[in-house]
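# Summary of structural features
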There are 2 protein chains.
Amino acid sequence: MVQHSSPHLNAAFAALSDATRRGVLEQLGRADASITELADRFHMTLTGMKKHVGVLEQAGLVQTEKIGRVRTCRLGSRRLEDEAAWIERYRQLWTARFDDLDAVLEDVKRKEKTNG
Amino acid sequence: MVQHSSPHLNAAFAALSDATRRGVLEQLGRADASITELADRFHMTLTGMKKHVGVLEQAGLVQTEKIGRVRTCRLGSRRLEDEAAWIERYRQLWTARFDDLDAVLEDVKRKEKTNG
């Protein structure tokens with residue numbers, strides 16, 4: 001049975017539902033960056049980037065640290081393991097379901113041939 | 001380079017960010033169901049379930065068909081392949097990034113020993 005009531009799955013999938021936030025994760029996968037650097041790279045205002053980083057931080061995907069006047073962002077400890085596992089199990093269900101439907105269709109065809 | 005500007009990734013991840021919608025996908029992975037059956041199973045109003053199914057339909061994850069007065073839902077043609085691929089690539093980036101940091105730390109420790 002697939003589990004579907006995990007709040008952290010909600011937060012992580014919501015965080016991933018925005019192209020800029022996915023881009024930020026990819027960027028931080030290559031090197032840590034300040035909010036200012038991220039805002040520049042993604043052609044956003046500081047305020048806009050702060051919001052995106054806040055969503056990623058809430059989901060545990062990014063950690064930030066303020067040193068002096070600079071807030072540095074790095075990848076958080078969550079490695080999207082549960083999200084990968086949910087999607088993988090869903091894909092198995094999906095495949096099994098369409099295999100079932102194929103079998104039903106084959107059965108119908110065979111019976112039609114026998115009766116025809 | 002990981003791609004991050006796909007609108008269908010946005011829609012699919014947003015659809016997955018709700019526990020009820022994930023539950024509906026799992027349920028339809030076992031058997032087709034009417035909106036009424038889904039509403040009953042998830043203890044929701046018909047209106048609430050229609051909205052959730054609408055979001056899943058927009059994301060290509062569910063197909064619906066109205067026959068007479070009953071709207072039947074089944075899994076859509078999208079198998080979350082791109083979503084699985086995005087997460088997998090991210091996990092590789094994540095692992096490489098933390099391996100890099102480990103290497104840097106080891107290097108610092110080694111130098112401290114040599115100098116100490």
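Residues numbered from 1 in each chain as written. Chains lettered and ligands numbered in written order. Predicted model: local features only at pLDDT ≥ 70, side-chain atom pairs only at ≥ 80, totals over all residues. Heavy atoms only, no water.

### Quick notes on unusual backbone geometry
All names here are of chain B. Phi is positive for H43, close to 50°, though the residue is something other than glycine. Residue position: H43 is located in the loop between α3 (35–41) and α4 (46–58). A positive phi angle, close to 60°, is found at L80, a residue other than glycine. Along the chain, L80 turns up in the loop between β3 (70–75) and α5 (81–115). (Helix = DSSP H or I, 4+ residues; strand = E, 2+ residues; numbered from the N terminus.)

### Observations concerning the sheet that holds β3(B)
Residue and element names in this part refer to chain B. The sheet built from 3 strands is open, its strands ordered β1-β3-β2 with antiparallel pairing. Edge positions in the sheet fall to β1 (33–34) and β2 (62–67), since each has one partner strand and no second. Pairing analysis gives 6 bridges linking β2 to β3, with the strands arranged antiparallel. Paired with I67 across the bridge in β3 is V70. (Pairing = 2+ DSSP bridges.)

### Looking at the relation of the copies chain B and chain A
Under the fitted operation, chain B is carried onto chain A by 0.0 Å of movement along the axis and a turn of 180°, and the coordinates agree to an RMSD of 0.0 Å. Each copy turns onto its partner about a two-fold axis. (Least-squares fit on C-alpha atoms with pLDDT ≥ 70 in both.)

### Some words on the layout of surface pockets
In this approach the atoms are scanned with a rolling probe the size of a water molecule, which exposes any empty space left behind. All names here are of chain B. The calculated volume of the largest pocket comes to roughly 210 Å³. What lines the largest pocket is a set of 13 residues, among which I35, K50, R69, V70 and R71 lie closest to the centre. Mapped onto the lining of the largest pocket, the elements with two or more residues apiece are α3, α4, β2 and β3. Looking at the lining of the largest pocket element by element, the count peaks at 5 residues for α4. Along the lines of polarity and charge, the residues of the lining of the largest pocket split into 4 nonpolar, 4 polar and 5 charged. (1 Å grid on protein atoms, 1.4 Å probe; cavity = no way out; pocket = protein on both sides within 12 Å on 5 of 7 lines; lining within 4 Å. Points joined across faces, edges and corners; volume = space filled by probe spheres on them. Nonpolar A, V, L, I, M, F, W, Y, C, P; charged D, E, K, R; others polar.)

### Brief notes about the domain arrangement of chain A
Residue and element names in this part refer to chain A. Here the domain parsing of chain A yields domain 1 (7–75) and domain 2 (79–116). The centre of domain 1, based on its C-alpha atoms, is set 38 Å off from the matching centre of domain 2. Opposite the 6 residues of domain 1 that make contact, domain 2 presents 5 residues. Between domain 1 and domain 2 lies a buried interface of about 480 Å² when both sides are counted; carbon and sulfur atoms form 80% of it. Summed over the three residues of domain 1 that lose the most area to domain 2, namely H8, L9 and F13, the buried surface amounts to 66% of that side. (Domains from an automatic or database assignment. Contact = heavy atoms within 4.5 Å. Buried area = accessible area lost by both parts, 1.4 Å probe.)

### Notes on the packing of helix α5 (residues 81–115) of chain A against α5(B)
Between α5(A) and α5(B), the least distance of the axes is 10 Å, while the angle of their chain directions is 150°. Classed by the angle they form, the pair α5(A) and α5(B) counts as roughly antiparallel. The hand of the α5(A)/α5(B) crossing is left-handed. Within the contact between the two elements, α5(A) uses E81(A), E83(A), A84(A), I87(A) and R91(A) and α5(B) uses E81(B), E83(B), A84(B), I87(B) and R91(B). Tallied by class, the residues present in the contact of α5(A) with α5(B) amount to 4 nonpolar, no polar and 6 charged. (Axes fitted to C-alpha atoms, helices over the stretch in contact; angles between N-to-C directions. Parallel < 35°, antiparallel > 145°, perpendicular 65-115°, else oblique. Left-handed = near helix turned anticlockwise from the far one by under 90°.)

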